[in-house]
Amino acid sequence: MTGTLPPRTVDAAVAPSTLVTDAGHERAASAPDQTVLPAAVAALPVRGAAAIRPWSALVCGLTEDRTLLVVDWLLLACREAGIVAQAVPLAGNSRMPHGMYVEVAADADIEDALGDVPWGAVDLVVAGEHLELVRAIDAGFVDSDVTTVVSSCRRAFTSVERDVAPEHVLTEREIDAIARTSALAYYAFDGHEVAGWYHLPSAAQPGLLLGAICGTGITGLDEADFVAGIRALGVDDKLYAEAFRRGTRLGRREGGRVRRVKTAYQFTRKRRAHIDHASRLGFEALIERAAEIVHPDHLSVLQDAIYLLCEFQDAEWATILVDHVADIAAAEREHTGVVEPHASVVPDSIRALAAMLVWPDAAWIANRKRRTGRIKDLRNAHGISRRDAYELVDHIPLDALDRAATRSRRMPAMGSPAASVPPLLQPLRVERVTTTSISGALRLRRMAAAAKLRQGTLRQRHEKDSADTWLEALHDSLRTDHELARIVARSGTLVQGSGAVREANRATAHAFWGRIVRQSIGIDRASGDAESTVAKLIIPFGWEQLCRSGPLALWEYAAQVLGIALAHSRGLPHDDTIRLAEALCVARRPVEGS
Amino acid sequence: MLPTEEHMEQTTGAHGGARELLTGDLGLVVVRALLENGVGYIVSSWHDRPTPIDAAIDEARERVLSPRGVVLRRLRSRSALEPLVTSPTGGITGAPPRGAVVFGGRRGLRPALEQFARVQCAGGVVGFSFDEDVLRIDDALVIDPEPTAIGLVRAIDAAYAASVAAGRPALIVIRERALGMRGTIRRRHDASPVATADADAEIRTPGHVSIAAAAEQAGLIDATLGSAHGGAVCALVVAGPIRVAAERALAQVAARLVDVGSATRLDDVAIVSSRAVGIVPARDGAIGRMLGAVDDACVIAPRADRIADQLRSDLSAPVSATHSIDAGSLRGETLVSLVASWARTRLSEDDPGLAALDELAGAVAAPRTVASSRVPRRGEVLHRAVSPVVAAGLTLAQGVIGVPGRLDAEYPTYQTDTGVPLTVVPAAVFAAHGAASAAPGTGHGVFVVTGQGGGVTEAAGAAGASIEYVDGSSPRAIGVAVGTACRSMRVASHVIVVGDVQRVAAPRRGSTFGMDPDLVGTDRIATAAVPTAATALVQLGEELVAGPTVLALDVPAAHASLDPVRELSPATWDLRRRDTTGRAKRLSWNLRRKLVRAVAGVDL
């Protein structure tokens, strides 16, 4: 174990009175004339030159994941090895990770120099939660020259994430990419998932992390020291000793979580039975085609999307998605060149298309409610065996259009007076379907059968229109700037929910694509601004406001962007337009209220 | 948790280096340091909630403290404390023993602690306080230790030495960070309370010394010189808790100067630190004389610390720079920056170290972000001025009125796609201004009045507006009201009063409520009506869903808002077990199960 800062210690052996400069001329040191000091002062101790920072670590995680057990184990393991160490909690701060700062005195003569002030990049960062790792990197604890990161990819959500749109929060792969570039070495795994492999409870994650730390060899401590540390602490020591043993292998292989991508055959083998007979061949062909279109890292998401769309409607419907994905991947290659998998727009685009091309109408809701897997999960979660009687009641809100669609084999929605009324204002009835009764199950079956009537309906055209609008915005932004395109790709999943909720979310998404994205890109394009100054100002700002403050944020900004675009089209100089955009991009409270 | 002192006693046969090392938390470290200082009696906190130190004392009571003759007291009133401290017996005859007093509570202890700190105690007495207000007590031996195990042990050693010398209790402040600290210390031999008391009696002088002299004598104020032969030319005066960090910062700055080939060395800088709050070195002491003789001094101390002023007034020290810091959230880079900016003043204009120091001084301000805007910050206040239910209701209305745009930054009025102006305003504002709360010149529109406040009806009546009351717990009801009101141009204004409704959960008869995560997705509108505490964030773990799903939990707070949730989401279900005791019921259930599978294809 070695200290890392400062890069070179002051050499006390060099005589202070003289110094050889680069030019080789010897000259007097710049210190002023020495003050004549009293004899008593001369008795004051002279400090050593090697005030070097000891080996240090940061252990962070949330309270629930018990990651801070690692601190106790680390300290006790050091003790077993005869090494003194200290751990101090980090001060509370919204940007700081929640955790402890550890300093280890590798040499006995610096034990007294162990401090409590976190100091630059540390030698080891242990994170029990993935976003905490980003907070640690953001706070400057990680450096690509010195820091080894051992982390669990598991996310534990804090209350603030209830209010922030999930599309805005960094994804696991993005965090992996940040950690890889920021750290000297990055070891990551999903603690709960790995615990499951070895039939351990998810609470075993801290033990796995400690094992991984040992496996990396970064501490220089023996396995026996760590095990003795676990035993000395005495908290669930059998469980954690076993987890530690399993975890040591995780620390011997650098890199993020390993995901196994299924081959086309593996993916379709069990799933094809759930697809309508007429679509099976098409489904298999699409799964095979998927591998040719996207990067292997994105294959699993595309496979899932194809399966979802085939289940929702048919292989022809899934082909639309695959074609769009192929276009997007080609456009990205054309406009941006080779892109790192984590930075690509493709996975977000697949999610967005899946969200837009699968809408929860009555047929799809019934399909989801009837799934064997769902009922099995419910039974398991409540400890109900197949022999135990139970009653499952599903509450399904159906507006007039949905009710009409499931009433008969005709498609009454076409030209029906109800079609012109927005879903929010249509009479709503929450149907109470007893899924475990014969009549209820038949009702669900009838509702699910309405899926066959989707083809060519007004609703289908409506949903396709949304996808087309998003695609136009995405291709526009791909031509402009890749970072902007990533934002637009993420925004596709805004269109969610059923009935009135979906309509409201659709309005939000259309306002973002139409009034913010395309208008600001249009301003730059009309001005011939190759740097896309206005778009780079407005789109990220608008997106962040939308994600952090909710859809009402667009009430504040969308119309203003339109106003700027209008002024620009009437001859406002581009520089003034940029100034207006800068003035607009200042966060303010969206809707006044209580 | 970490091993207790009692546990450590039992495992003293540990192998190798571990035998002399002890790893523990605050309580264990304090108890160990007290034993090593020969404490004779300990007065525990009189609060019902024990502090970590009290808990450690309780753990060690039978096997560790009693065999060593340490007397434990637990006072029920503070008035009984003074007689105990002034004439302790502690089960020891002869010289008064050393004592320790633990003050529980984190607020409002200052009067009691002031009184305690001025008592003339017979033996060495150390008090532990968790109330940081004690740092403001004047003319007392108050020690602010580093929140590390080594720092605490050092502070306790020095506190006893100072208390014995001054004949007054010393107070050690346990800050919040120290509560969670863990650390390893080297064990020393326990001191006998009797022998320690006798040793104290031998060195004690009848008149005692001043607290400043006692602090300096006990090593609470210390100084180290650089390696320059001539002694100190400059001084870096720091608060005790950051002493170690300041040394490192100075070493880093000095190393940087060497790296860039600067002629300036910082080996003539003395570092002076004081762990005794508000106490500066005596003028006639070695440190005081050194400080009086230096050319320049820089002070880095917490905001409340008055050490810079005292150095100027008491020692006439030439303090050229004073920096206030928050010791709790201090980072090493900040200290380096402060030291570098101070050292910069000593360099000549042509010194190559100038640029290096500028770089170090500015390192803290340099952005170090990694897409930090995409990392939700804990405790941040979101830009959301209306309640989540009202926000969800207004969002739902977008399905009818489009996404409105604000007309005027001064007024909360928005132009809808249907052409009807919509004003969202608190009840108090509407009651005061009526229709004038909308942007001027917008004509007849719709007002959404939120929150509670009298006079809304009168204000609406005065404006000639129709009025409508809406269930404030239902986003759909709010959305329908807004959508209906704004659907076509109005000939008169319309006021929608969103009432604060407290729904009460209807009794549920043995059924369990739940939600299907795949039907909820990552949408948050449908569950907006459920109180945050009654929701859970669930990761689906699917490739197609990026982000967590918000589900309502099966708790009464969520039950009260089930109807609004069911109006918006098809994900909810109720599950109830049915009785299957008896052959007939079992047969009936089996028959039903088979029929449902055969007729409807649902496998129950």
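Note that residues are indexed from 1 along each chain, following the sequence as it is written. Key to labels: chains lettered from A, ligands numbered from 1, both in the order written. The model is predicted, so local features are restricted to residues of pLDDT at least 70 and side-chain atom pairs to those at 80 or more, both for listing and for counting; the totals for chains, interfaces and linings are taken over all residues.

Overview of the interface of chain A and chain B
By definition, residue pairs are in contact when their C-beta atoms, positioned from the backbone, come within 7 Å. Across the contact, 155 residues belong to chain A and 145 residues belong to chain B. Gly falls in the polar group here, along with every residue not listed as nonpolar (Ala, Val, Leu, Ile, Met, Phe, Trp, Tyr, Cys, Pro) or charged (Asp, Glu, Lys, Arg). For the side of chain A that touches chain B, the class distribution of residues is 88 nonpolar, 33 polar and 34 charged. For two strands to be treated as a pair, DSSP must find at least two bridges joining them. Runs of E in the DSSP output that reach at least two residues are strands. Runs of H or I that reach at least four are helices, and both are numbered from the N terminus. Both strand 9 (residues 390-398) of chain A and strand 23 (residues 572-577) of chain B contribute to a ladder of 5 bridges, which runs antiparallel. In the sheet register, Leu-392 of chain A faces strand 23 of chain B, and the bridge partner there is Leu-575 of chain B.

Topic: unusual backbone geometry
All names here are of chain A. Located in the positive-phi region is Arg-66, a residue other than glycine, with phi close to 60°. Turning to its location among the elements, Arg-66 is positioned in the loop between strand 3 (55-60) and helix 2 (69-80). The backbone phi angle of His-199 is positive, close to 55°, even though this residue is not glycine. Partly exposed residues are those falling between the two cut-offs: more than 12 but fewer than 20 other C-beta atoms within 10 Å of their own, whereas 20 or more means buried and 12 or fewer means exposed, with C-beta atoms placed from the backbone. Accessibility expressed as a C-beta count within 10 Å gives 8 for His-199, which makes it exposed.

Regarding the environment of Asp-408 of chain B
All names here are of chain B. Inspection of the secondary structure assignment puts Asp-408 in strand 14 (residues 405-408). By the C-beta count within 10 Å, which is 13 here, Asp-408 ends up partly exposed. Sequence separation between Asp-408 and Gly-455 is 47 residues; the distance between their C-alpha atoms is 25 Å. In contact with Asp-408, other than residues within four places in its own chain, are Thr-413 and Ala-439.

Section: the confidence of the model for chain B
Residue and element names in this part refer to chain B. pLDDT measures the predictor's confidence residue by residue and takes values from 0 up to 100. With 91% of its residues at a pLDDT of at least 70, chain B reaches an overall mean of 84. In the model, residues 12-17 has pLDDT below 50 throughout and makes 4 contacts with residues more than four positions away in sequence or in other chains. Predicted complex, confidence summary: ipTM 0.86, pTM 0.85.

Overview of the pairing of strand 19 (residues 494-498) of chain B
Two faces belong to every sheet, and in a regular strand the side chains alternate between them. Residue and element names in this part refer to chain B. Of all 5 residues in strand 19, 5 are buried; the element is thus mostly enclosed. Where strand 17 (residues 446-450) lies against strand 19, 4 bridges are found, and the strand directions are parallel. In the strand pairing of strand 19, Val-449 is matched with Val-497. In this sheet, strand 19 lies alongside strand 18 (residues 466-470) in parallel orientation, the contact comprising 5 bridges. Within the sheet, the bridge partner assigned to Ile-467 lies in strand 19 and is Val-495. Once the chain exits strand 18 it traverses helix 18 (residues 475-485) before rejoining the sheet at strand 19, and the crossover so formed is right-handed. Look down the strands so they point away from you; if going from the first strand over the helix to the second traces a clockwise path, that crossover is right-handed.

Some remarks on helix 15 (residues 388-401) of chain B
Residue and element names in this part refer to chain B. Taking 1.5 Å per residue as the helical rise, helix 15 with its 14 residues ought to reach 20 Å, and the 19 Å between its terminal C-alpha atoms agrees with that figure. With 14 of 14 residues buried, helix 15 lies mostly within the body of the structure. Just downstream of helix 15, Gly-402 is the residue with a positive phi angle, here 75°. Expected helix span is taken as 1.5 Å per residue step, with the number of steps being one fewer than the number of residues.

Quick notes on the sheet that holds strand 6 (residues 124-127) of chain A
Strand pairing within a sheet occurs via backbone hydrogen bonds; the two strands may be parallel or antiparallel. Taken in spatial order, the 8 strands line up as 8(A)-7(A)-6(A)-3(A)-5(A)-4(A)-8(B)-1(B) in an open sheet, and their pairing is mixed. Two strands in the sheet have a free side with no partner beyond their single neighbour: strand 8 (185-189) of chain A together with strand 1 (21-25) of chain B. Taken pair by pair, the neighbouring strands of this sheet meet at an average axis angle of 20°, ignoring direction. For strand 1 of chain B and strand 8 (residues 182-186) of chain B, the ladder comprises 5 bridges, and the chain directions are antiparallel. To get an axis, a line is fitted to the C-alpha atoms, and for a helix only the part in contact is used. The angle between two axes follows their N-to-C directions and goes from 0 to 180 degrees.

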